[in-house]
Amino acid sequence: MNTLRYAIIGDIHSNLTALETVKADIHDMEIDEILCVGDLVGYAARPRECLEFVRENAAAVVAGNHDYGVSGALSLEYFNADAMNAVQWTREVLSEEEISYLDSLPLITEYNDILLVHSTPRNPEAFAYIQTLYDATIAFNQMENNLALIGHSHAPIVFQDSDPPDYFLVNEFELPEGQKVLINVGSVGQPRDLDPRSSYAIYDSEERRVTLRRLEYNIEQAARRITEAGLPPNNAQRLYWGQ
Ligand code: ZN
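Residues numbered from 1 in each chain as written. Predicted model: local features only at pLDDT ≥ 70, side-chain atom pairs only at ≥ 80, totals over all residues. Heavy atoms only, no water.

The protein atoms that coordinate the zinc ion are Asp11 (OD), His13 (NE2), Asp39 (OD) and His154 (NE2), at distances of 2.1 to 2.3 Å. Around the zinc ion sit 4 donor atoms; with metal-centred angles ranging over 84 to 175°, the donor geometry is irregular. Coordination of the zinc ion draws on donor residues from a single chain, spaced D-x1-H-x25-D-x114-H in sequence. One end of the pair, His13, is in the loop between strand S1 (5–9) and helix H1 (16–28); the other, Asp39, is in the loop between strand S2 (33–36) and helix H2 (47–57), with 26 residues separating them in the sequence. The same class applies to His13 as to Asp39, namely buried. (Donors = N, O, S within 2.8 Å, 3.2 Å for Na, K, Ca; no water. Tetrahedral: all angles 85-135°; square planar, octahedral: opposite > 155°, others 65-115°. Helix = DSSP H or I, 4+ residues; strand = E, 2+ residues; numbered from the N terminus. Buried < 20%, exposed > 50% of the residue type's maximum accessible area, 1.4 Å probe, protein only.)

What follows is the structure, encoded as structure tokens:
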């Protein structure tokens, strides 16, 4: 089997400034394939550019709740006021063709034995969060793959289906043989683990190692673009706080 180095990106949320920093890092890291765990758009001011980058460069992409919110596949009642404002703004900025691309994305997919889903392997359409060992155990029971990569909480974490199940907040993780692992790769465009640096993951299938990359980017520029677009000021402020 050929071995590959993957970059896994997600929760970009129209933050092109952060995405450009991640793109440059992906280039330096000699990546073979890019995978995307969803939420290309929402919150920030450059949906078109972020969508185009993912569409042109990712080998596999799943839909996040904001992607489906923009397309209309998910009801707006699931969004708070600031998120809903950006979803409606994004609908006006994107073309019909771009919106239908978001609508066409699957909720869950598999790529070379890697499971990709924005939220949870079980009932992904509910967009629930995996934040506890209990949540992770339910997910493991639903998974046939040994590796699942997810997003949605914007906080990187590794869950391992050991006995008992365990979790790790680490930047490097070696995949154990014969055990299921679920990894949240964090957020490119709106980190929420109180670390404002952009987050994505590299998976080296030969070394069986996942490395979390955290990158400083020009938050001032991303924030300015949000306020200049007339989007909610909170969507800009939270970038500085990492939440
Ligand atoms: Zn998100």
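Here the focus is empty space enclosed by the protein. Any empty space left between atoms is shown by rolling a water-sized probe over those atoms. Applying the stated rule across the entire model yields 2 cavities of 30 Å³ or more. Here the largest cavity is characterised by a volume of approximately 40 Å³. Considering the residues around the largest cavity, the lining is formed by Ser14, Asn15, Leu16, Thr17, Ala44, Ala45, Arg46, Ala222, Arg225 and Ile226. Broken down by secondary-structure element, the contributors of at least two residues to the lining of the largest cavity are H1 and helix H7 (219–228). Looking at the lining of the largest cavity, the element that brings in the most residues is H7, giving 3 residues. A class-by-class count of the residues in the lining of the largest cavity yields 5 nonpolar, 3 polar and 2 charged. Lining the second largest cavity are His13, Asn15, Tyr43, Ala44, Gly189, Gln190, Ile226, Asn235 and Leu239. (1 Å grid on protein atoms, 1.4 Å probe; cavity = no way out; pocket = protein on both sides within 12 Å on 5 of 7 lines; lining within 4 Å. Points joined across faces, edges and corners; volume = space filled by probe spheres on them. Nonpolar A, V, L, I, M, F, W, Y, C, P; charged D, E, K, R; others polar.)

We now examine the sheet that holds strand S4 (residues 108–111). Read from one edge to the other, the open sheet built from 6 strands follows the order S4-S5-S6-S10-S7-S8, with strand pairing classed as mixed. Edge positions in the sheet fall to S4 and strand S8 (166–168), since each has one partner strand and no second. When the angles between neighbouring strand axes are averaged without regard to direction, this sheet yields 20°. The sheet contact formed by strand S5 (residues 114–117) and strand S6 (residues 147–150) spans 3 bridges and is parallel. Paired with Leu115 across the two strands is Ala148, which belongs to S6. Contacting strand S7 (157–160), S8 and strand S10 (181–184), helix H6 (residues 133–142) runs over the sheet at an angle of about 60° to S7. (Pairing = 2+ DSSP bridges. Axes fitted to C-alpha atoms, helices over the stretch in contact; angles between N-to-C directions. Contact = heavy atoms within 4.5 Å.)

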